[in-house]
Amino acid sequence: MEISMIIKPLLETIQMVVISTGIATLLGIPIGIGLILFDQKSLKANKGLYQLISGLINITRSIPFLILMILLFPVSRLIVGTTIGTAATIVPLSLAAAPFMGRIVEGALKEVPYGLIEAVLAMGAKKTQIIFKVLIPEALPGLVRGITLMMINLVGYSAMAGAIGGGGLGDLAIRYGYHRYQMDVLILAVIVIIGLVAVIQSIGNLTTKVIERKR
Amino acid sequence: MIKVNSVCKTFKGQVPVEALKNVNLNVEAGEIHGIIGLSGAGKSTLLRMLNGLEVPDSGEVFFKDQNLKQWQIHKLRQRTGMIFQHFNLLSSRNVIDNVCLPLELTKVSKKDRYEKAEEMLALVGLSDKRNSAVSTLSGGQKQRVVIARALINTPEVLLCDEATSALDPITTNEILDLIQKLSKQLNLTVVLITHEMGVITKICHYVSVMDHGMIVEQGPVKEVFSNPKAIRTQGFIKAV
Ligand SMILES: Nc1ncnc2c1ncn2[C@@H]1O[C@H](COP(=O)(O)OP(=O)(O)OP(=O)(O)O)[C@@H](O)[C@H]1O
Ligand SMILES: [Mg+2]
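Engineer: What am I meant to see in the overall build of chain B here?
Structural biologist: What chain B contains, in helices and strands, is 9 helices and 10 strands. Taking 240 residues into account, the globule formula puts the C-alpha radius of gyration at 18 Å, and chain B, at 18 Å, falls close to it. For chain B, the spread of C-alpha atoms along the principal axes amounts to about 50 × 40 × 35 Å. When the 240 residues of chain B are sorted by exposure, 52% land in the buried category. Counted over contacts in chain B with a minimum sequence separation of 6, partners at least 24 positions apart contribute 66%. Summing over all exposed atoms, chain B offers an accessible surface of approximately 10700 Å²; the carbon and sulfur share of this is 50%.

Engineer: Sorry if this is basic, but what is going on with the confidence of the model for chain B here?
Structural biologist: In low-pLDDT segments, the atomic positions of the prediction should not be examined closely. Looking at chain B as a whole, the pLDDT averages 94, with 100% of positions reaching at least 70. Note on the complex model: pTM 0.90, ipTM 0.93.

Engineer: Can you help me understand the interface of chain B and chain A in this one?
Structural biologist: Quite often, the size of an interface is put as the accessible area lost when its parts meet. Counting residues at the interface gives 23 residues for chain B, matched by 18 residues for chain A. Our count for the contact surface shared by chain B and chain A stands at 2 salt bridges. At the surface where chain B touches chain A, the tally comes to 7 residue pairs in polar contact (both at pLDDT 80 or more). Going through the elements one at a time, helix H2 (73-78), strand S6 (80-84) and helix H3 (95-105) of chain B are the ones with two or more residues in the side of chain B that touches chain A. Looking at the side of chain B that touches chain A, the element that brings in the most residues is H3 of chain B, giving 4 residues. Residues of the side of chain B that touches chain A, tallied by class, amount to 9 nonpolar, 8 polar and 6 charged.

Engineer: Can you walk me through the site of ligand 1 in this structure?
Structural biologist: All names here are of chain B. Among the 13 residues in the neighbourhood of ligand 1, the closest are listed as Ser-39, Gly-40, Lys-43, Ser-44 and Thr-45. Gly-40 places a main-chain nitrogen or oxygen 2.8 Å from an oxygen atom of ligand 1. Between ligand 1 and Ala-41, the relevant distance is 3.2 Å, taken from an oxygen atom to a main-chain nitrogen or oxygen of the residue. Secondary structure elements with two or more residues in the shell around ligand 1: strand S2 (17-27) and helix H1 (43-49). It is H1 that contributes the most residues to the shell around ligand 1, 3 residues altogether.

Engineer: Would you mind going over a nonpolar patch on the surface with me for this structure?
Structural biologist: All names here are of chain A. There is a patch of nonpolar side chains on the surface, built from Ile-7, Leu-11, Ile-14, Val-18, Ile-19, Ile-23, Leu-27 and Leu-95 and spanning about 610 Å² of accessible area. Sorting elements by how many residues they give to the nonpolar patch places helix H1 (residues 7-39) first, with 7 residues. Tracing the chain through its elements places Leu-95 in helix H4 (residues 86-110).

Engineer: How should the pairing of strand S1 (residues 2-11) of chain B be read in this particular structure?
Structural biologist: Along any regular strand the residues' side chains alternate between the sheet's two faces. Residues and elements named next belong to chain B. Bridge analysis of S1 against S2 gives 7 bridges, and the strand direction is antiparallel. By the bridge assignment for S2, Lys-9 is matched with Leu-20. Linking S1 to S2, which pair antiparallel, is a turn of 5 residues. Here S1 pairs with strand S4 (residues 58-63) via 5 bridges, running antiparallel. Bridging from a neighbouring strand, Cys-8 pairs with Ser-58 of S4.

Engineer: Please explain the pairing of strand S10 (residues 214-220) of chain B as it appears in this structure.
Structural biologist: Residue and element names in this part refer to chain B. Bridge count between strand S9 (residues 206-211) and S10: 6 bridges; the pairing is antiparallel. Note on S10: the bridge partner recorded for Asp-211 is Met-214. Hairpin connection of S9 to S10: 2 residues between the antiparallel strands, including His-212 at a positive phi of 45 degrees.

Engineer: Just checking my understanding: could you explain the packing of aromatic side chains for this structure?
Structural biologist: For any two aromatic rings, the description comes down to two numbers: the centre-to-centre distance and the angle of the planes. All names here are of chain A. This model, assessed by the stated rule, comprises 2 aromatic pairs over all chains. Geometrically, the ring pair formed by Phe-65 and Tyr-157 is stacked, given 3.6 Å between the ring centres and 15 degrees between the ring planes. Of this pair, Phe-65 sits in helix H3 (residues 65-80) while Tyr-157 sits in helix H6 (residues 127-162), and the two are 92 residues apart along the sequence. For Tyr-157, a relative accessible area of 18% translates into the label buried. Positioned over the ring face of Tyr-176 is Arg-180, at 4.4 Å from the centre of the ring.

Engineer: Would you mind going over the sheet that holds strand S3 (residues 32-37) of chain B with me for this structure?
Structural biologist: Residues and elements named next belong to chain B. The strand order S6-S7-S8-S3-S9-S10 describes an open sheet built from 6 strands, whose pairing is mixed. The open sheet has two edge strands with one neighbour each: S6 and S10. Geometrically, the sheet is characterised by an average inter-axis angle of 15 degrees between neighbouring strands, direction not taken into account. Judged from the 5 bridges that link them, S3 and S9 form a sheet pairing that is parallel. Among the inter-strand pairings, Gly-34 is bridged to a residue of S9, identified as Val-207. Contacting S3, S9 and S10, helix H9 (residues 231-239) crosses the sheet at an angle of about 110 degrees to S9.

The rules behind these values
- Residues numbered from 1 in each chain as written.
- Chains lettered and ligands numbered in written order.
- Predicted model: local features only at pLDDT ≥ 70, side-chain atom pairs only at ≥ 80, totals over all residues.
- Heavy atoms only, no water.
- Helix = DSSP H or I, 4+ residues; strand = E, 2+ residues; numbered from the N terminus.
- Rg over C-alpha atoms; globule rule 2.2 N^0.38 Å.
- Buried < 20%, exposed > 50% of the residue type's maximum accessible area, 1.4 Å probe, protein only.
- Contact = heavy atoms within 4.5 Å.
- Areas by Shrake-Rupley, 256 points an atom, 1.4 Å probe, with all protein chains shown as cover.
- pLDDT = per-residue confidence, 0-100.
- Salt bridge = Lys/Arg side-chain N within 4 Å of Asp/Glu carboxyl O.
- Polar contact = N/O pair within 3.5 Å; in protein donor to acceptor, adjacent residues only side chain to side chain.
- Nonpolar A, V, L, I, M, F, W, Y, C, P; charged D, E, K, R; others polar.
- Near = heavy atom within 4 Å.
- Patch = residues over 30% accessible without salt bridge, like charges linked within 9 Å, V, L, I, M, F, W, Y side chains within 5 Å.
- Pairing = 2+ DSSP bridges.
- Phe/Tyr/Trp six-rings, centres within 6.5 Å; stacked < 30°, edge-to-face > 60°.
- Lys NZ or Arg CZ within 6 Å of the ring centre and 35° of its normal.
- Axes fitted to C-alpha atoms, helices over the stretch in contact; angles between N-to-C directions.

So this is what it looks like as structure tokens:
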């Protein structure tokens with residue numbers, strides 16, 4: 001076993017995780033904001049719409065991740081032109097994570113006390129101002145914690161994606177460890193994944209600490 | 001300045017609550033008007049009607065002789081300030097950026113915002129806390145920041161919902177003195193809610209006594225308290 005054989009899969013995993021966390025966050029923030037707005041009496045209450053979005057999120061979250069990825073492969077083919085490799089895996093990873101991210105964002109924004117929103121409404125704020133000057137800044141530590149959690153989940157998901165041709169550390173572990181019985185490679189892959197998760201968690205903790213220190 | 005005509009409000013729910021029953025109120029410019037009543041009497045609901053946070057089921061609310069329905073609500077709110085028992089300061093901003101917020105909403109330039117905010121902080125005696133995190137302030141200091149924030153866009157009316165209920169008696173007096181001073185200095189109309197008689201007698205000119213969604217007695221503070229007619233008013237006087 002060569003230690004260098006871990007480098008490329010590691011970089012692939014990092015690439016998949018970082019990009020799909022980015023896309024899932026970009027998609028999840030509007031979903032979460034929408035949920036809050038449609039749920040909140042003085043903002044833009046719309047019970048029907050809330051329940052529709054909420055229901056869709058629940059459905060996607062009940063489908064096992066591996067199966068959801070397979071279901072999303074046609075989208076991958078549409079965007080990237082293939083279903084094999086890191087780039088092709090980023091599409092289903094991001095899309096599958098987005099509804100989950102929407103829930104996380106909703107949860108973080110819900111922590112903002114309603115009195116605070118009302119106080120700023122009483123100053124004459126418009127709804128977009130409430131979103132960008134109250135909800136997001138006040139919920140920032142919670143949002144960062146949520147994004148960190150999502151990113152760690154995506155390390156696991158991307159490893160699963162390895163099983164269906166996604167590349168990365170999961171792919172390495174399955175190809176050598178499972179198909180060729182090379183336990184040393186399998187163990188090395190697992191150790192690197194654990195290390196990666198630890199690094200992500202530390203970066204997340206540090207970021208929240210920096211934000212909260214000023215408060 | 002403010003007129004409330006036969007306003008009714010019922011909160012629908014499993015058990016509907018009649019929060020306001022045919023309420024009338026008239027507040028003249030420069031007046032400090034107190035609303036006193038027990039918990040659940042409908043004081044907050046009435047106050048929140050005045051800047052459109054609550055909408056009446058029937059009856060009308062007027063601000064400067066114009067029906068609230070005709071006002072663009074955010075324009076009206078920019079001309080009123082509101083302060084609360086629980087301060088409602090943003091933890092994502094330091095003291096001066098909290099004070100600036102109302103001007104930020106109306107897109108006043110950064111330089112003008114800070115200039116005005118410095119002025120407001122000086123007015124409430126907190127210039128030295130300019131860059132502090134709000135979590136490091138005492139209750140009284142927080143309420144001063146809230147007052148500075150509420151008054152930064154020179155509103156004509158200040159609405160106070162139990163602004164001193166979370167404060168000790170000495171700090172309460174300081175805050176009340178401040179409100180009184182600013183009211184005179186800025187010719188500010190004040191409507192304030194309390195359930196403490198002392199607050200009313202200290203700074204209010206007029207008082208409305210509320211009970212179960214109704215105003216049971218209304219008039220100049222001295223008259224109402226020297227010759228209380230409603231049982232609820234007598235109760236408040238006895239309690240002191
Ligand atoms: N959003 C709401 N939904 C349902 N009921 C409400 C709502 N707001 C107020 N109420 C009810 O209306 C009544 C009057 O409430 P309000 O908050 O105006 O009382 P208050 O006099 O301010 O009391 P307190 O001194 O406790 O603040 C109460 O019975 C309250 O439970
Ligand atoms: Mg109240």
